[in-house]
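Structural description and commentary
One letter stands for each residue in the lines below.
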Amino acid sequence: MPKKIETVVFHDSSTPVLGGIEKGGNVVITTAETLIAQARAHALWPLTFGLACCAIEMMSTVASRFDLARFGSEAFRATPRQADVMIIAGRLSKKMAPVLRQIYDQMPEPKWVISMGACASSGGVYNNYAIVQGADQVVPVDVYVPGCPPSPDALIYGIMKLQEKIKRKKAKSFGDLRLIELTPRTLETEVKV
Ligand code: SF4
């Protein structure tokens with residue numbers, strides 16, 4: 001059984017010809033899932049969801065001092081349809097929870113969520129009737145960033161952790177790569193082809 005290639009490798013082996021490819025031909029060999037995961041992980045477009053004071057720290061990440069652009073995530077989107085990762089920055093009130101869920105549902109797959117700060121992750125100091133005691137009661141959270149408020153560096157570290165998580169995920173099938181939205185209609189077309 002052929003060995004599965006899991007990382008990007010450059011053809012620079014002692015073998016002059018590898019599968020019909022001559023050495024020195026600037027060829028990269030990898031799997032589609034590795035390539036797609038690398039592209040997705042290093043171009044995460046965040047959805048702005050500033051709810052309270054944590055949002056100020058989130059805004060700082062794109063400023064020159066922290067420069068989130070170094071990690072490919074500086075393009076904050078104001079519409080869920082163009083975003084990959086929702087950053088919940090601040091306390092989530094029960095009144096806002098259905099709105100957050102609706103916006104999450106409008107994001108295309110694949111999508112991820114970062115819970116930023118003590119309030120978003122656990123209600124923080126607001127243990128009362130008005131605040132949701134953890135955003136994971138409303139949407140699935142991938143990374144929790146602790147702190148009150150977390151520093152911009154901490155949020156960047158959270159984004160780096162999310163990148164690692166995306167790159168670790170293995171696709172079990174072609175459909176698992178989520179290259180297209182697999183609706184019953186597209187599945188029908190695929191079967192015909
Ligand atoms: S964690 Fe602290 S800084 Fe963040 S929203 Fe709550 S009170 Fe504000």
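Before any of the text, the structure's been laid out above.
Nothing here was measured: the structure is a model prediction, and the numbers come from that model.

The sheet built from four strands is open, its strands ordered 5-6-7-8 with parallel pairing. Two strands bound the open sheet, and with one partner strand each, they are strand 5 (46–50) and strand 8 (143–145). Taken pair by pair, the neighbouring strands of this sheet meet at an average axis angle of 20 degrees, ignoring direction. Against the sheet, helix 5 (residues 152–168) touches strand 6 (85–89), strand 7 (112–116) and strand 8, its axis set at about 155 degrees to strand 7.

Bringing the site of the ligand into the picture now. Taken together, Ala-52, Cys-53, Cys-54, Gly-90, Arg-91, Ala-118, Cys-119, Gly-147, Cys-148 and Pro-149 make up the full set of residues adjacent to the ligand. When its residues are assigned to classes, the shell around the ligand shows seven nonpolar, two polar and one charged.

Across all of its chains, the model carries three salt bridges by this definition. The salt bridge involving Arg-101 is made with Asp-105; its shortest N-O contact spans 3.1 Å. In this pair, Arg-101 and Asp-105 both sit in helix 3 (residues 97–106), four residues apart, roughly one turn of the helix. Between Asp-142 and Lys-165 there is a salt bridge, and its shortest N-O distance comes to 3.1 Å. Here Asp-142 is found in the loop between helix 4 (117–122) and strand 8, whereas its partner Lys-165 is found in helix 5, with 23 residues between them in sequence. Looking at Asp-142, the relative accessible area reads 23%, which means it is partly exposed.

All right, on to the environment of Val-139 then. Mapped onto the elements, Val-139 comes out in the loop between helix 4 and strand 8. When the C-alpha positions of Val-139 and Ala-97 are compared, they lie 9.2 Å apart, and in sequence the two are 42 residues distant. Apart from residues no more than four positions distant in its own chain, Val-139 is found in contact with Ile-88, Leu-100, Arg-101, Tyr-104 and Val-113.

Ranked by internal contacts, the top residues of the largest apolar core, which has 21 residues, are Ile-114, Leu-155 and Leu-162. Residue assignment for this core shows that the elements contributing at least two residues are helix 2 (54–60), strand 6, strand 7, strand 8 and helix 5. Among the nonpolar cores identified, the runner-up in size contains 17 residues, and Leu-47, Leu-100, Tyr-104 and Ala-120 belong to it.

Let us look at the packing of aromatic side chains. Centre-to-centre distance and the angle between the planes together describe a pair of aromatic rings. Per the counting criterion, the structure on display carries zero aromatic pairs. Geometry around Tyr-104 places Lys-111 over its ring, the cationic atom sitting 4.3 Å from the centre.

Our focus in this paragraph is the side chain of Ser-121. Within the element layout of this structure, Ser-121 appears in helix 4. A polar atom in the side chain of Ser-121 sits 2.9 Å from the side chain of Ser-115. Among residues more than four places away in sequence, those in contact with Ser-121 are Ser-115, Gln-133, Gly-134, Ala-135, Tyr-144 and Val-145.

The rules behind each value
Residues numbered from 1 in each chain as written. Predicted model: local features only at pLDDT ≥ 70, side-chain atom pairs only at ≥ 80, totals over all residues. Heavy atoms only, no water. Pairing = 2+ DSSP bridges. Helix = DSSP H or I, 4+ residues; strand = E, 2+ residues; numbered from the N terminus. Axes fitted to C-alpha atoms, helices over the stretch in contact; angles between N-to-C directions. Contact = heavy atoms within 4.5 Å. Near = heavy atom within 4 Å. Nonpolar A, V, L, I, M, F, W, Y, C, P; charged D, E, K, R; others polar. Salt bridge = Lys/Arg side-chain N within 4 Å of Asp/Glu carboxyl O. Buried < 20%, exposed > 50% of the residue type's maximum accessible area, 1.4 Å probe, protein only. Core = buried A, V, L, I, M, F, W, Y, C linked by side-chain atoms within 4.5 Å. Phe/Tyr/Trp six-rings, centres within 6.5 Å; stacked < 30°, edge-to-face > 60°. Lys NZ or Arg CZ within 6 Å of the ring centre and 35° of its normal. Polar contact = N/O pair within 3.5 Å; in protein donor to acceptor, adjacent residues only side chain to side chain.

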